Each structure stands twice: as C-alpha cells, then as structure tokens.
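Descriptive structure summary
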Amino acid sequence: MSVLSHRAKSLKPSPTLAINAKAKSMQAQGIQVVSFGAGEPDFDTPDNIKKAAKKAIDDGFTKYTPVGGIDELKDAIINKFKRDSHITYKRSEILVSCGGKHSFYNLAQAIFDQGDEVIIPAPYWVSYPPMVALAGGTPVIVETTEKNEFKITPEGLNKALTPKTKALIVNSPSNPTGSAYTKSELERIAEIAISKSFFVISDEIYEKIVYDGFQFTSIASLSDEMKKKTIIVHGVAKTYAMTGWRIGYTAGPEEVISAMNNIQSQSTSNPTSIAQKASVEALAGPQNKVEKMVSAFAERRNYIVDRLNKMPGVSCYKPAGAFYVFPNFSSYYGKSYQGKKIENSTHLADFFLDVARVAVVPGVEFGADPFERLSYATSMEDIEEGMNRIEDALKKLA
Ligand code: PLP
C-alpha cells in the first residue's frame, strides 16, 4: 500500500513559491539575484494596522473567535462592499478565512462534485486548477490571447459551456497578466451566466491596484440576479501589504457560505484573532497608504513595460492592474546558449536565473508557455538592474 494518497501524489508545490525559495537560497549564498518572483507588495503593513494588532494582543483578544470571523470584521467587509461596489450583503453571506487562497479552497470544497466542470481562462492564477481538481471538479481551460488583453470572450465562453459547467472563474485584475474586465465586458459574461445558470467566482483580490483611472466593477454589482450567481473571493493581503497576516474573505449566497463555514469548522476553525482585528482597521481605517502604494506601482509599471517592449523580439501588454507584467518571449525559443537550447518558458526562466541572476516565473505555470511572469513589487533600482540583465542575457542567445 502506498504511503501517500492519490490526491497528495497528484499535487506539485506552488511554482511561484518554489521560484522565490530558489532565489532566496541563492541570495543567502551571497549571489546578487534580482527577483521578479514575488507575489506580494514590497511595502510594509501600514502602522495603523499594526497598532490595531498590538492593541488586540494587549487587550487579550487572543482566544478562539466564531469560525467564520468576528461580527466587527464581517461588518467592515459589508461596508467595504457597499462603499466600493454598491453591493449589499448580510453577515450570513460573508465568511472570513485564513487568506484568499483558503477562501477559494473552502469554496471549491463546498460547491464542486466529481465531474463538475469549471471554466478557467488561461493565463490563470496557478492555484485555481489544482484546487478545483482537489475538490473533484474538472478544470476546463479556455485560452485567451494577447490581442484580447487576455480576456475570455463571449464566443470563447459559449464554446466551452456544457451541461456540466458549474462555474466560471473571473480574476480581474488578473494574476499573472494584470488585465482587467470593463463593466460592459462583465455585462456580456453576466448575461451568459444567468441564461445558462452557472456560478461566476469573482476573484477581486487586486481590486484596488488599478492604473490610469481604470474603473473596477464587480460582476456581482450588475443586478440582483447576478449577485445570486456570484461568489466573490477577496482578501486584505495585496491591498494592505498584509500577505503574512492570512486574512481572506468570501461573499456569496447564504447556502454556499454556510457550507464553507462547516468545512472551515472541521479544518482550520477561525482565522487568527489578532489578524482579524488588524483587518478591521485595514478595511475601515484610512485608505491613503493604498493610494501611495498604487502610485509607486504605476511608475514601475510604466518603466518596466517600456523597457520590455524596447527589447528586440519581446512584446508586453500594458496591464490595467495588479503588479505583474506578462511579456511574450517566445521569439527566443529555439535559440541556444553554450550549446543548450531554450525551448520553452521553463528553460528561459532557468537561463535568466543561472546566467542573468534574475528570477521570473515561467508562463507555462499559468497555462501560457510563450510568456514569463515578472512581478514589479520590488524597488525601482532592482527593476532597472533586472531589465539591464535580461536585455544583456537575451543578446547571448543565438
Ligand atoms: N487570488 C489571486 C489571483 C492571487 O494572486 C492570490 C495570491 O497570490 C490569492 C488569490 C490569494 O492571496 P492570499 O491567500 O495571500 O490572501
């Protein structure tokens, strides 16, 4: 009898975390690696949020809380949705979990059965397909194109639908491409979701990180009917530089939230009490730090997109949000360095790490092999140095 379950054997570790670990271990050996691997803001958690956590400790707020989060945090989340998206939720429609990833995991466990099909537009966040598969669902990958700004079209969606379609995942703004859906694009998706009756899982974790005045829209805000068909996955990690605090949340139909609450009650129980108090301050307190962070990201985005597009044979879509670029390097596939042929995004990422000392994440991990993902959640100095190194390294390929 084998030690490990089929489930465990079918999983590989998250590739984004793996690249970061390799870059960090090279840095620990004294190698100056420029890392574009991080999926987290390089800013510190704002002081008012840290203070709220310290106060929670001092007040002895260190015990179990209700499984799905304290009412104070649920109310802050409800107010956030009202304020930002004009959607009205009740406490029974909100669940707080240990990070957005955990929110999605619980959701997948709560709604997918063996054979249920889940449409995932590619490029996708690396964790969607494994989490869908772990729950027994079948990921149905629908490719999108650079020309369409990596967005699923109504035609692409209609082609992928079957009677088994249970849900579509919309991640706007997107990790890894930074593309974001406009209101009218979401309206067309909503029409199909309502007429064919499937759920839209709307991952809005990068909602606040948008550029050039882009107006974020939540698909749940389009109509009451659509609200019933939408489950929003969200969290404080990216907006408030709180990746380590592990607070995510879900908003959706009571029946789904209640099932997720049961799953959470038999697995992790409540998210950390202290982090919950900090998240109340994050969502309800002053928002000016977010604006500052986004304007720093905007400057870096402009620079990195410009540099990449100036490199021969490289094309880079200018993202509307998040803090990633997803340049197409495929014109270099087939070229070699010291007798070693670069045939795909993994080979190229290895080449960048070994030769240029630059960490990027191969596009294949996001379901799009012509590309590499670079996070610009790093200093302008690092970005300049990293771009110089990539430019020089590409010249070595022949
Ligand atoms: N959704 C997307 C698209 C992400 O990129 C991430 C993190 O990388 C998450 C959800 C989950 O974030 P966390 O679990 O840190 O809250």
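Before reading on, note that the structure itself is shown above.
Residues numbered from 1 in each chain as written. Predicted model: local features only at pLDDT ≥ 70, side-chain atom pairs only at ≥ 80, totals over all residues. Heavy atoms only, no water.

Here's the deal with the overall build of the protein
A tally of helices and strands in the protein yields 14 helices and 14 strands. Relative to the compact-globule value of 21 Å for 398 residues, the protein shows a C-alpha radius of gyration of 21 Å, a close match. Counting only C-alpha atoms and orienting by the principal axes, one finds that the protein spans roughly 60 × 55 × 55 Å. The buried share among the 398 residues of the protein stands at 54%. Look at the contacts in the protein between residues 6 or more apart in sequence, and 74% of them connect residues 24 or more apart. (Helix = DSSP H or I, 4+ residues; strand = E, 2+ residues; numbered from the N terminus. Rg over C-alpha atoms; globule rule 2.2 N^0.38 Å. Buried < 20%, exposed > 50% of the residue type's maximum accessible area, 1.4 Å probe, protein only. Contact = heavy atoms within 4.5 Å.)

Side note on the nonpolar core
Soluble globular proteins tend to bury their nonpolar side chains together. Residues Ile304 and Ile390 are the most contacted members of the largest nonpolar core, which totals 67 residues. It is helix α12 (residues 288-310) that contributes the most residues to this core, eight residues altogether. When residues of this core are assigned to domains, at least three map to each of domain 1 (6-44 + 289-395) and domain 2 (63-284). Among all residues touching isoleucine 390, those that are not within four sequence positions of it are Met311, Phe329, Phe352, Val358, Val360 and Leu374. Ile169, Ile231, Ile257 and Phe326 belong to the second largest nonpolar core, which has 42 residues in total. (Core = buried A, V, L, I, M, F, W, Y, C linked by side-chain atoms within 4.5 Å. Domains from an automatic or database assignment.)

Looking at the pattern of salt bridges
Side chains carrying opposite charge are able to pair once their charged atoms draw close together. Applying the stated criterion across every chain, the model contains 21 salt bridges. Residue glutamate 365 is joined to lysine 12 by a salt bridge in which the shortest nitrogen-to-oxygen separation is 3.1 Å. One end of the pair, glutamate 365, is in the loop between β13 (361-362) and β14 (372-375); the other, lysine 12, is in the loop between α1 (6-9) and α2 (15-28), and 353 residues separate them in sequence. Taking the shortest distance from any N to any O, the salt bridge between aspartate 84 and arginine 83 comes out at 3.0 Å. (Salt bridge = Lys/Arg side-chain N within 4 Å of Asp/Glu carboxyl O.)

Details of the environment of alanine 56
Inspection of the secondary structure assignment puts alanine 56 in helix α3 (residues 47-58). Using a relative accessible area of 3% as the deciding quantity, one classes alanine 56 as buried. In the structure, alanine 56 is positioned 93 residues away from glutamate 149 in sequence and 44 Å away in space, judged by C-alpha atoms. If sequence neighbours within four positions are ignored, alanine 56 has contacts with Phe61, Ile274 and Lys277.

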